[in-house]
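Here's the letter readout for the chains.
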Amino acid sequence: MKCSTTYAFPDGDGIPYDRGGFVMDVTALAALLQETAEHHGFYEATAPEHDWWDWYAAYMTAREHGRAPDEAAADAALHMDALRR
């Protein structure tokens, strides 16, 4: 999911936002957030109380590394299990 960016820093310098080689445009990020929310809903329905951002971060990181949506959801669930230990 490597994308060229259309986002510029607030000062308008036009430099892409790049975190360690990963560049994503606003549209791609919005789509990933929507996908993450949809998959989190399935986890949320049966999970013990948790901070949603921990699950989101694990899911999004897995997707950024090429994992399929179902694999990323499983990875996120494992991450949450590890946090509870």
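Use the structure listed above.
Along every chain, residues carry numbers that run from 1 in the direction the sequence is written. Since the coordinates come from a predicted model, pLDDT governs what is reported: local features require at least 70, and pairs of side-chain atoms require 80 or more to be given and counted, while whole-chain, interface and lining totals use all residues. As a rule here, side-chain values cover all heavy atoms of the structure and leave hydrogens and water aside.

Draft legend 1. Inspection of the side chain of threonine 36 at higher detail. Along the chain, threonine 36 falls in helix H1 (residues 26-46). Assessed through its relative accessible area of 0%, threonine 36 is described here as buried. Dropping the residues within four chain positions of it, threonine 36 is found in contact with Trp55, Tyr56, Tyr59 and Met60. The way it works is that DSSP assigns letters per residue, a run of H or I at least four long becomes a helix, a run of E at least two long becomes a strand, and they are numbered from the N terminus. Three labels apply to residues, based on accessible area from a 1.4 Å probe with only protein chains included: buried if under 20% of the type maximum, exposed if over 50%, partly exposed otherwise in between. Contacts between residues were defined by any pair of non-hydrogen atoms, one from each residue, lying within 4.5 Å.

Draft legend 2. Spatial organisation of the pattern of salt bridges. Only one rule defines a salt bridge in this text: a Lys or Arg side-chain nitrogen within 4 Å of an Asp or Glu carboxyl oxygen. Summed over all chains, the structure comprises four salt bridges. Close ionic contact of arginine 63 with glutamate 35 constitutes a salt bridge, the shortest N to O distance being 2.6 Å. Taken together, the residues arginine 63 in helix H2 (residues 52-64) and glutamate 35 in helix H1 connect sequence positions 28 residues apart. Residue classification places glutamate 35 among the buried residues on the basis of a relative accessible area of 18%. One salt bridge in this structure joins glutamate 71 and arginine 67, with 3.9 Å as the shortest N-O distance. On the basis of relative accessible area, arginine 67 is assigned to the partly exposed category, the value being 32%.

Draft legend 3. Representation of the nonpolar core in the model. In plain words, nonpolar cores are sets of buried Ala, Val, Leu, Ile, Met, Phe, Trp, Tyr and Cys residues tied together by side-chain atoms within 4.5 Å. Membership of the largest hydrophobic core comes to 13 residues, with the highest contact counts inside it found for Tyr43, Trp55, Tyr59 and Ala76. Where this core is concerned, the elements lending two or more residues are H1, H2 and helix H3 (69-84). Leaving out residues up to four positions away in the same chain, alanine 76 has contacts with Trp55, Ala58 and Tyr59.

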